[in-house]
Amino acid sequence: MIYRDLVIIGGGSAGLAAAVSAYDNGVRSILLLEKSPELGGILNQCIHNGFGLHRFKEELTGPEYAARYIKEFKARNIEAMNETQVLKLHEDLKVDVMSSKLGLETIQAKAVILAMGCNERTGGQISIPGDRPKGVYTAGLAQKHLNIDGYLVGKRVYILGSGDIGLIMARRMTLEGAKVLGVSELMPYSNGLNRNIVQCLKDFDIPLRLHNTVTKIIGKPNLTAIEISDVDDNLRPIKGTEQIIECDTLLLSVGLYPINTVFTEGAHGKLYAKTKGAFVDQNLETSVPGVFSAGNVLHVHDLVDFVSMEGEIAGKNAANLILNGRKVVKKVVEVTESNNVGYVLPNIIKVSDSTDSVEFSFRVRKPMKRGEIIIRDGDKVVKSIKAMDLLPSEMKKVTLKTNDFESYNHLFVEVKEL
Amino acid sequence: MDREFTCIVCPKGCHITAHDDGTITGYTCLRGLNYVKQELVDPRRTLTSTVRVNGGQLRVCPVKSQDTLPKDRVFDVVAEIDKTSINAPVHIGDVVIENVLGLGVNIIACKNIDVK
Ligand SMILES: Cc1cc2nc3c(=O)[nH]c(=O)nc-3n(C[C@H](O)[C@H](O)[C@H](O)COP(=O)(O)OP(=O)(O)OC[C@H]3O[C@@H](n4cnc5c(N)ncnc54)[C@H](O)[C@@H]3O)c2cc1C
Ligand code: SF4
């Protein structure tokens with residue numbers, strides 16, 4: 001058995017920021033575990049630029065953003081164990097790992113930070129009738145093959161889902177000589193950022209079909225064509241609108257979900273149904289005492305800057321717990337999403353003497369040109385601010401500063417459309 | 001006819017209109033105004049791609065254009081990058097192609113890659 005004060009699971013943006021922040025807040029016995037040979041996580045394959053505008057006030061590519069954090073991490077001589085996969089986390093903060101160097105090993109920690117990132121949804125989770133030929137990939141896997149392994153997965157490409165990864169891949173594959181025939185989005189609006197629709201689709205005249213989906217996959221053993229159809233307001237395919245598109249590759253860009261098996265199976269951690277991430281308090285501590293969560297494993301982010309910030313919060317609070325012990329909790333206030341809000345974090349506020357500010361992260365459920373973000377305690381409004389251009393694809397934040405948290409019973413976060 | 005733009009400078013993606021009378025409205029910050037002014041006369045884009053690496057721990061290295069390139073020359077630049085290979089070790093900021101196609105812009109490395 002190995003002993004460390006703090007164990008961080010995952011060496012992406014969240015894990016790196018958490019490690020640096022825990023170190024800067026006084027913890028010295030830190031071990032970061034990463035299953036792949038490299039630190040940096042998903043950023044390594046995101047070679048496009050657009051990272052770090054908030055953090056560094058300049059536009060970086062994913063690998064450049066990662067390199068800045070890796071440099072900070074290494075400058076502090078924090079211990080990292082690569083090629084080390086966490087198999088299970090136990091409630092008593094023992095971490096079972098399988099490592100290329102140590103084989104099977106167990107680490108006893110005083111605090112653990114979950115930073116394992118997310119997975120892409122696949123064709124199995126969305127059900128399309130037809131064959132299961134070669135040539136169907138998740139957009140992120142195609143991205144990894146092109147940007148890290150150095151090869152293009154196909155030449156005539158169709159994309160299902162208008163998430164950013166799919167849009168970015170439409171441009172990238174077009175530039176590398178593939179023909180991208182179009183993108184279908186089930187919803188009446190795109191899930192990707194506007195700027196990506198412009199610079200990844202419009203720049204190359206790639207059609208975006210809204211309220212449309214892939215209804216059949218054709219070809220055996222290799223993909224030869226797909227059938228697409230328009231959908232009605234209940235998102236059911238409309239008969240007579242079918243169109244056959246010949247292609248050798250279908251990319252699925254249909255969403256991401258946090259990977260929490262390590263947390264739920266061994267430690268019986270509680271998940272929040274809306275995010276599939278951990279149920280957390282304002283310190284990002286989960287239902288398992290001493291276990292914190294940050295980044296895409298907590299909720300799927302669109303901006304890496306916010307992932308880093310979350311990692312820092314988790315790192316700081318884990319350091320606080322390790323070095324100063326637990327504060328007396330005077331009251332627990334629940335937080336719940338309400339009208340037009342898809343989810344809100346944190347799920348609970350543990351009010352102590354020093355609780356004077358809480359930052360809420362949330363996503364709206366539908367696009368709204370103008371809205372009013374409202375935080376209320378029961379029926380009583382405690383804060384409201386106006387906001388423009390609210391989109392489901394953009395995570396929003398609102399901070400509540402008050403010394404009155406103890407007077408609240410149940411907070412709701414909602415958006416009124418104006 | 002008025003021309004509509006979506007600003008691509010930051011993730012906010014403001015809708016900006018260039019009116020017939022020469023006025024530009026809808027931007028939130030000056031970078032957006034400058035983007036549309038530029039877009040009207042000479043649209044430019046930043047390019048990111050990968051270049052082959054010899055003898056490195058990875059087979060390809062991510063690269064970017066150090067500044068924006070004329071939009072209609074982007075494909076030509078990709079072809080240049082595809083013809084190129086570099087030797088490990090690679091450091092962030094290394095110039096991979098100097099003054100690519102005489103456009104006055106360097107292609108630079110975005111990742112540190114050690115020797116295998
Ligand atoms: C494909 C894609 C494109 C994106 N594009 C942009 C963009 O253009 N701009 C922007 O700002 N943001 C973008 N984002 C968002 C942002 O980059 C990510 O949200 C952020 O980098 C995620 O960081 P993370 O640390 O939470 O997860 P990750 O980077 O995924 O890191 C998780 C790490 O944990 C490791 N791990 C997982 N399970 C285990 C285990 N059991 N044991 C050990 N290690 C484990 C993984 O190997 C990985 O290295 C994108 C995200 C994705 C997925
Ligand atoms: S105008 Fe300014 S704020 Fe709006 S998208 Fe462009 S850069 Fe961003």
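Residues numbered from 1 in each chain as written. Chains lettered and ligands numbered in written order. Predicted model: local features only at pLDDT ≥ 70, side-chain atom pairs only at ≥ 80, totals over all residues. Heavy atoms only, no water.

Examining the overall build of chain A
Part 1 of the argument: Each helix and strand in chain A was counted, giving seven helices and 29 strands.
Part 2 of the argument: Its C-alpha atoms give chain A a radius of gyration of 22 Å, within 12% of the compact-globule value 22 Å for 418 residues.
Part 3 of the argument: Each of the three principal axes of chain A carries a C-alpha extent, and together these read 65 × 55 × 40 Å.
Part 4 of the argument: Counting the 418 residues in chain A, one finds 56% classified as buried.
Part 5 of the argument: For chain A, contacts bridging at least 24 residues in sequence account for 63% of all contacts bridging at least 6.
Part 6 of the argument: Taken as a whole, chain A presents about 17600 Å² of accessible surface, with 50% of it coming from carbon and sulfur.
Part 7 of the argument: In chain A, which carries 51 positive and 50 negative side-chain charges, the distance between the mean positions of the two groups comes to 1 Å. (Helix = DSSP H or I, 4+ residues; strand = E, 2+ residues; numbered from the N terminus. Rg over C-alpha atoms; globule rule 2.2 N^0.38 Å. Buried < 20%, exposed > 50% of the residue type's maximum accessible area, 1.4 Å probe, protein only. Contact = heavy atoms within 4.5 Å. Areas by Shrake-Rupley, 256 points an atom, 1.4 Å probe, with all protein chains shown as cover. Lys, Arg positive; Asp, Glu negative; His and termini not counted. Charge placed at Lys NZ, Arg CZ, Asp CG, Glu CD.)

Considerations on the site of ligand 2
Part 1 of the argument: The environment of ligand 2 is made up of C7, V9, C10, K12, G13, C14, T28, C29, R31 and G32 of chain B.
Part 2 of the argument: In the shell around ligand 2, the residues fall into five nonpolar, three polar and two charged. (Near = heavy atom within 4 Å. Nonpolar A, V, L, I, M, F, W, Y, C, P; charged D, E, K, R; others polar.)

Overview of empty space enclosed by the protein
Part 1 of the argument: Counted according to the given criterion, the structure contains two cavities of 30 Å³ or more.
Part 2 of the argument: Its volume calculated, the largest cavity comes out at about 50 Å³.
Part 3 of the argument: Taken together, I47, H48, Q143, N147, I168, R171, R172 and L175 of chain A together with T48 of chain B make up the full set of residues lining the largest cavity.
Part 4 of the argument: Where the lining of the largest cavity is concerned, the elements lending two or more residues are helix 3 (139-149) and helix 4 (164-175) of chain A.
Part 5 of the argument: Among the elements that make up the lining of the largest cavity, the one with the highest residue count is helix 4 of chain A (four residues).
Part 6 of the argument: Looking at side-chain class alone, the lining of the largest cavity contains three nonpolar, four polar and two charged residues.
Part 7 of the argument: The volume enclosed by the second largest cavity comes to roughly 50 Å³.
Part 8 of the argument: Along the walls of the second largest cavity sit E38, N44, N147 and I148 of chain A together with L58, V60, P62 and K111 of chain B, which together make up its complete lining.
Part 9 of the argument: For the lining of the second largest cavity, the elements supplying multiple residues, two or more each, are helix 3 of chain A together with strand 6 (60-65) of chain B. (1 Å grid on protein atoms, 1.4 Å probe; cavity = no way out; pocket = protein on both sides within 12 Å on 5 of 7 lines; lining within 4 Å. Points joined across faces, edges and corners; volume = space filled by probe spheres on them.)

Here's the deal with a nonpolar patch on the surface
Part 1 of the argument: A grouping of L87, M98 and L104 of chain A is seen on the molecular surface, where their side chains present a nonpolar patch of about 310 Å² in accessible area.
Part 2 of the argument: Examined against the element boundaries, L87 of chain A turns out to sit in strand 6 (residues 84-89). (Patch = residues over 30% accessible without salt bridge, like charges linked within 9 Å, V, L, I, M, F, W, Y side chains within 5 Å. Salt bridge = Lys/Arg side-chain N within 4 Å of Asp/Glu carboxyl O.)

Here we look at the sheet that holds strand 23 (residues 341-345) of chain A
Residues and elements named next belong to chain A.
Part 1 of the argument: The strand order 23-25-28 describes an open sheet built from three strands, whose pairing is antiparallel. The sheet terminates laterally at strand 23 and strand 28 (396-401), the two strands that pair on one side only. Neighbour-to-neighbour, the strand axes of this sheet turn through a mean angle of 25°, independent of strand direction.
Part 2 of the argument: Looking at chain direction, strand 23 and strand 25 (residues 357-364) are connected through four bridges and run antiparallel. (Pairing = 2+ DSSP bridges. Axes fitted to C-alpha atoms, helices over the stretch in contact; angles between N-to-C directions.)

Here's the deal with the domain arrangement of chain B
Part 1 of the argument: Considered domain by domain, chain B is made up of domain 1 (3-41) and domain 2 (48-109).
Part 2 of the argument: For domain 1 of chain B versus domain 2 of chain B, the distance between C-alpha centres works out to 29 Å. (Domains from an automatic or database assignment.)

Comments concerning the environment of A19 of chain A
All names here are of chain A.
Part 1 of the argument: Tracing the sequence through the fold places A19 in helix 1 (residues 13-24).
Part 2 of the argument: Residue classification places A19 among the buried residues on the basis of a relative accessible area of 0%.
Part 3 of the argument: Counting along the chain gives 11 residues from A19 to I8, while the straight-line C-alpha distance between them is 7.2 Å.
Part 4 of the argument: Excluding residues within four positions of it along the chain, A19 makes contact with I8, I30, L32, F73 and I78.

So, the domain arrangement of chain A
Residue and element names in this part refer to chain A.
Part 1 of the argument: Segmenting chain A into domains produces domain 1 (1-119 + 256-326), domain 2 (122-254) and domain 3 (327-418).
Part 2 of the argument: A separation of 36 Å is found between the C-alpha centroids of domain 2 and domain 3.
Part 3 of the argument: With four residues of domain 2 in contact, the opposing surface of domain 3 contributes five residues.
Part 4 of the argument: Both faces combined, the contact of domain 2 with domain 3 buries some 350 Å², and carbon together with sulfur accounts for 63% of it.
Part 5 of the argument: Taken as a group, Y189, N191 and L193 account for 81% of the area that domain 2 buries against domain 3, more than any other trio of residues on that side.
Part 6 of the argument: Our count for the domain 2 to domain 3 interface comes out at zero salt bridges.
Part 7 of the argument: At the boundary of domain 2 with domain 3, the tally comes to zero residue pairs in polar contact (both at pLDDT 80 or more).
Part 8 of the argument: Each residue belonging to the side of domain 2 that touches domain 3 can be placed in one class, and the counts come to two nonpolar, two polar and no charged. (Buried area = accessible area lost by both parts, 1.4 Å probe. Polar contact = N/O pair within 3.5 Å; in protein donor to acceptor, adjacent residues only side chain to side chain.)

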